[in-house]
Amino acid sequence: MEQVYTFGGDARHDEPRARDKTIVGGKGANLAEMASIGLPVPPGFTITTEECIRYLAEGANFSDQLRADVAAALGHIERTVGKRFGDAADPLLVSVRSGARVSMPGMMDTVLNLGLNDDTVQGLAAVSGDDRFAWDSYRRFIQMYSDVVLGIDHHLFEDALEIAKEDNGFYADVDLAAEHWQALVGEYKAIVARELGRPFPQDVTEQLWGAIAAVFDSWDSDRAKVYRRLNDIPGDWGTAVNVQAMVFGNMGETSATGVAFTRDPATGERAYYGEWLVNAQGEDVVAGIRTPQYLTRGARERAGAKPLSMEEAMPQAYAELARVFDLLELHYKDMQDIEFTVERGKLFMLQTRSGKRTAKAALKMAVDMVDEGLIDEATAIRRVDPMALDQLLHPTLDPKAPRDVLGKGLPASPGAASGAIVLDADTAERLAARGDAVILVRVETSPEDIHGMHAARGILTARGGMTSHAAVVARGMGRPCVSGASGLSIDMAARTLKIGNRALKEGDVITLDGATGDIMAGEVPTIEPELVGDFAVLMGWADRHRRMKVRTNAETPADCRMARQFGAEGIGLCRTEHMFFDAKRISAVRQMILAEDEAGRRAALTKLLPEQRADFREIFEVMAGLPVTIRLLDPPLHEFLPHGEAEFAELSEAIGVGVDTLKRRAEELHEFNPMLGHRGCRLGITFPEIYEMQARAIFEAACEVAQASGEAVVPEVMIPLVATRKELQILKALVDRVAAQVFAEQGRTLDYLVGTMIELPRAALMAGEIAEEATFFSFGTNDLTQTTLGVSRDDAARFLNPYVEQGIYPRDPFVSLDIEGVGQLVTLAAERGRATRPEIKLGICGEHGGDPASIAFCEATGLDYVSASPYRVPIARLAAAQAAL
Ligand code: ADP
Ligand code: MG
Ligand code: MG
């Protein structure tokens, strides 16, 4: 298998591996792809991800084969551009770029201008006829190479540059002339010799292999590992290395570099969108050193900016770029994120990839592209990340609320966020871990800040444009972001900041509006989102394409109403215990629990019956016409016991039983391991009067609603924590008996079901027998995960993260179903249940019902529905459609 693939020039691009992201990485695959459709891509070659994995596994050694292949591939570049690597008269320079399967901050930064040394810099100056350009390139190279390959702190170089500018009375980099850069190169080399104890490598082949090794090594860097963990990227993918002939955006006023999107990544609008800089190189545009200019005239005019847009300043190169945009969209059938350079008026493409976008933009583009005939509905459904919908489902700032605006920046990533100001990533992570809402405020962000950005509710930066690191990462993470707020200054030593003329300090609360760029003092009230327009269109398509139903887990009328608006088709889990915790009822509940005998319990239950019936009536009204699964009381009684003297005294007062008696009874009820104790159907078996009361409340409420509205719900009475058929048999008989009584009293009957949760391994194993009693199973995967893994969800925080970091579980099994383990029990129970009762209804009601990967598993297992919390209902609808496609 070849491990080095060339692109550009007369390279053959027809080898599938050369365009396979898993082999040559995303960047390499797209460079080859662009070259193959005739776009102007500087020639180069890519070393595969497989070689990276081998290199890391075999102790950082390059094989002779690889050395030979690289030499041959370098020959391809040399022939194509007509220059030789290391030639003192007319040197070929290259960039060395990392590129994993997916774009991954944390990987090695690109090294530009590699191949320069004290000799070749002279040749570059002579051939280009531009001394300033040559020395500018050399100083950039020494700094970049020293930073990313040799590990020398880049501040040393930046400081030297600042001093050089001050000494000469210059303000901007562009003011420096050839001799200044040349002098700086001397200083840079001295810094390297001092820091490294040996001179900057002059041998170009040594430079090249040093950079290749650094790319491979960066796969195992801490930064890369953090990013992989946050984004569920496996450690065995590896990164490719791209080596490519340099083109120069820093060759004077007819040269430039830029980044662009084929559509607006924040709104989805069909308009070219980008930033560029004249006479600049590489990441100058995103680094925030100079303020980038607008790409199009329209954007410049809207912003009221002075510096000419590319459309105005370089009409020919711009026209060529616009043509490339259109070609790329037609070819990839998706919005592209592009990096380009103009060298003396000629356009070169350096990268394309499908662009990160906000949820709003993703929806708009998916819907627009179907209208444009670019993609079909199924592709549109697949295009939108279900989890990203989350951004749209949450409240936005109330436009009517007063805003105390401190300042303004660029609307880099939409959404609203309020929180306490935090000035560094580690603090953000620490405070967020204890539950604080924080806003990360930085001069600019870098890959070292990723964990803090993830922890923060929102991000604010002083520098950087719409394509800066902060903006791109924030959009990807769905965090609201305001970037380039020029009125913001930070004093790290004092941990204070100023926005405009207002002084603030770390810990002060601010609010960001990522859609307008407003920065506001304090917390601003929010409003619920409206689910119309593109959202409604795409969800309509999703509904047409999915097989599984989507229900919700809800127990209050307000939640039920919201879930219906979000498209819920029933309730998959109505937990009745929440109703018991209500302040007005808790003393009756406690009276019931602490009663010495059945008579005492019945007295208390009589008080609870009308309350419980009213609960169900409201829910049945909201859910009219839809199925509602109600779980009978499940938690250990232990959870309802009074705590502390005051609560005991209060209860004693309310129910007229002495404090000492109550305490003794509470002592008797104490459990060592309540989650495996007196809970679930065990309560129904030992205190049948509790389940009787609940069943009565359910059926009376259902009859009342049917009477009043004519539109009946279908109550599905669910017995929790069943392990044996016998338990269910006894309790089903109880429910049926109460139903018959109520129907006789009311003079009407209703359809209803009795079923069980499958949440114990024994229940899954015995599902064939249990299905003789149950007409439905609902997989309670929270408890099923706890009981199968032997891991308590409430105590797992301490060890689950390290477990996930070490890959023991690929993801938190309480968030994403452990498909290979717990999944087996689900599959087996579904099979055995169906064998007994082919029409048995199967659903899932654990937290996993709102997780796309788990939903895909449910589809594959043939479940009839998933049930998710109200906000997750749209996510589940879309994920269910994707799973069914
Ligand atoms: P990233 O993955 O961080 O985007 P890239 O490898 O794309 O890093 O490199 C960053 C920038 O460096 C590019 O956008 C481009 O401006 C510049 N660059 C990379 N290779 C070349 C090249 N061969 N010629 C000119 N500029 C280059
Ligand atoms: Mg980069
Ligand atoms: Mg790039």
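Residues numbered from 1 in each chain as written. Chains lettered and ligands numbered in written order. Predicted model: local features only at pLDDT ≥ 70, side-chain atom pairs only at ≥ 80, totals over all residues.

If you look the protein chain up in an unreviewed UniProt entry, it shows as Pyruvate, phosphate dikinase from Novosphingobium aerophilum. Taken directly from UniProt, the Sequence similarities (unreviewed entry) text for the protein chain runs: "Belongs to the PEP-utilizing enzyme family." (UniProt positions renumbered as here; feature names shortened; annotations may be inferred.)

A. Structural context of the overall build of the protein chain. Helices and strands together make up the secondary structure of the protein chain, namely 36 helices and 33 strands. With the C-alpha coordinates aligned to their principal axes, the bounding extent of the protein chain is approximately 105 × 60 × 55 Å. A fraction of 68% describes how many contacts in the protein chain between residues 6 or more apart in sequence connect residues 24 or more apart. (Helix = DSSP H or I, 4+ residues; strand = E, 2+ residues; numbered from the N terminus. Contact = placed C-beta atoms within 7 Å.)

B. Representation of the sheet that holds strand β21 (residues 496-499) within the structure. The sheet built from three strands is open, its strands ordered β20-β21-β22 with antiparallel pairing. Two strands close off the open sheet at either side, each with one partner strand: β20 (488-491) and β22 (502-505). Sheet twist, expressed as the mean angle between neighbouring strand axes with direction ignored, is 20 degrees. Pairing analysis gives four bridges linking β20 to β21, with the strands arranged antiparallel. Across the sheet, residue Ile490 finds its bridge partner in β21, namely Leu497. (Pairing = 2+ DSSP bridges. Axes fitted to C-alpha atoms, helices over the stretch in contact; angles between N-to-C directions.)

C. Structural context of the packing of helix α4 (residues 120-128) against helix α5 (residues 131-148). For the pair α4 and α5, interaxial distance at closest approach is 8 Å and the crossing angle is 145 degrees. Handedness of the α4/α5 crossing: right-handed. Contacts between α4 and α5 involve Val121, Leu124, Ala125 and Ser128 from the first element and Asp131, Phe133, Ala134, Trp135, Ser137 and Tyr138 from the second. Looking at the contact of α4 with α5 residue by residue, the class counts come to seven nonpolar, two polar and one charged. (Left-handed = near helix turned anticlockwise from the far one by under 90°. Nonpolar A, V, L, I, M, F, W, Y, C, P; charged D, E, K, R; others polar.)

D. How the structure looks around the UniProt feature "binding site: Mg(2+)" (unreviewed entry) in the protein chain. UniProt records the feature "binding site: Mg(2+)" (unreviewed entry) at Glu759 and Asp783, using the numbering of this structure. A compact arrangement is adopted by the annotated residues: their sequence extent is 25 residues, whereas the largest C-alpha distance between any two is 5.4 Å. Tracing the backbone through its elements, the reader meets Glu759 in the loop between β30 (753-758) and α30 (761-765). Non-local contacts of Glu759, meaning those with residues more than four positions away in its chain, are made with Leu721, Gly780, Asp783, Leu784 and Thr787. Here Asp783 lies in helix α32 (residues 781-789). Using a count of 21 C-beta atoms within 10 Å as the deciding quantity, one classes Asp783 as buried. (Buried ≥ 20, exposed ≤ 12 C-beta atoms within 10 Å, placed from the backbone.)

E. Main features of the packing of α5 against helix α7 (residues 178-196). Closest axis-to-axis distance for the α5/α7 pair is 8 Å, and the angle between their directions is 20 degrees. The orientation of α5 with respect to α7, classified from their angle, is roughly parallel. Here α5 and α7 pass one another in a crossing that is left-handed. Packed against α5, whose contacting residues are Asp131, Arg132, Trp135, Asp136, Tyr138, Arg139, Ile142, Gln143 and Ser146, the element α7 presents Ala178, Trp181, Gln182, Leu184, Val185, Tyr188, Lys189 and Val192 at the interface. (Parallel < 35°, antiparallel > 145°, perpendicular 65-115°, else oblique.)

F. Molecular detail of the site of ligand 1. Near ligand 1 there are 16 residues, and of these Ser95, Arg97, Thr110, Gly282 and Glu339 occur at the shortest range. Sorting the residues of the shell around ligand 1 by element identifies β5 (94-100), β7 (239-245), β11 (336-343) and β12 (346-354) as the ones contributing at least two each. Here the shell around ligand 1 is composed, by residue class, of six nonpolar, seven polar and three charged. (Near = placed C-beta within 6 Å.)

G. Focus on the sheet that holds strand β6 (residues 111-114). On the basis of which strands lie adjacent, the open sheet formed by five strands has the order β1-β2-β7-β5-β6 and antiparallel pairing. Sheet topology places β1 (4-7) and β6 at the edges, where each strand pairs with a single neighbour. Taking each pair of neighbouring strands and ignoring which way they run, the sheet shows an average axis angle of 20 degrees. Pairing of β5 with β6, which is carried by two bridges, proceeds in the antiparallel orientation. Looking at the pairing, Val96 lines up with Val111 of β6. Of the strands in this sheet, β1, β2 (44-47), β5 and β7 touch helix α3 (residues 64-81), which is tilted by about 5 degrees from β1.

H. Spatial organisation of the UniProt feature "binding site: substrate" (unreviewed entry) in the protein chain. UniProt's entry tags Arg575, Arg631, Glu759, Gly780, Thr781, Asn782 and Asp783 with the feature "binding site: substrate" (unreviewed entry), counted in the numbering of this structure. Sequence-distant contacts of Arg631, that is, excluding residues within four places in its chain, are made with Leu573, Cys574, Arg575, Thr576, Met718, Pro720 and Met757. Topologically, Gly780 is positioned in the loop between β31 (776-779) and α32. The exposure class of Gly780 is buried, given the 26 C-beta atoms found within 10 Å. Residues within four places of Gly780 in sequence aside, it is in contact with Met757, Ile758, Glu759, Cys845 and Gly846.

I. Representation of the environment of Ala266 in the model. Tracing the backbone shows Ala266 in the loop between β8 (256-261) and β9 (273-278). For Ala266 and Ala359, which are 93 residues apart along the polypeptide, the C-alpha to C-alpha distance reads 8.5 Å. Sequence-distant contacts of Ala266, defined by excluding residues within four places in its chain, comprise Thr358, Ala361, Pro411 and Pro414.

J. Quick peek at the environment of Asp159. In this structure, Asp159 sits in helix α6 (residues 154-168). The spacing of Asp159 and Gly517 is 358 residues in sequence and 32 Å in space, taken between C-alpha atoms.

K. How the structure looks around the domain arrangement of the protein chain. Structurally, the protein chain comprises domain 1 (256-357), domain 2 (395-527) and domain 3 (578-715). Relative to domain 2, the C-alpha centre of domain 1 lies at a distance of 26 Å. Across the contact, ten residues belong to domain 1 and 13 residues belong to domain 2. Partitioned by chemical class, the residues of the side of domain 1 that touches domain 2 number six nonpolar, one polar and three charged. (Domains from an automatic or database assignment.)

L. Quick peek at helix α35 (residues 852-861). Listed in full, the buried residues belonging to α35 are Ser854, Ile855, Phe857, Cys858 and Glu859. In this structure, the buried side of α35 is in contact with α34 (822-836), β32 (841-844), β33 (865-868) and α36 (873-884). Positive backbone phi, approximately 80 degrees, marks Gly862, located one or two places after α35.

M. Up close: the nonpolar core. If you look at the biggest cluster of nonpolar residues, it comprises 268 residues, and the most contacted ones within it are Ala366, Ile439, Leu440 and Val866. Here the element with the most residues in this core is helix α28 (residues 688-709); it accounts for eleven residues. Ala366 has contacts with Ala380, Arg383, Val384 and Leu538, leaving out every residue within four places of it along the chain. (Core = buried A, V, L, I, M, F, W, Y, C linked by C-beta atoms within 7 Å.)

N. How the structure looks around the confidence of the model for the protein chain. Confidence in the prediction of the protein chain, expressed as mean pLDDT, is 93, and 100% of residues score 70 or more. As a predicted assembly, this complex carries a pTM of 0.81 together with an ipTM value of 0.98. (pLDDT = per-residue confidence, 0-100.)

O. Representation of the environment of Arg837 within the structure. Mapped onto the secondary structure, Arg837 falls in the loop between α34 and β32. Residues Arg837 and Ala774, spaced 63 residues apart in sequence, show a C-alpha to C-alpha distance of 8.8 Å.

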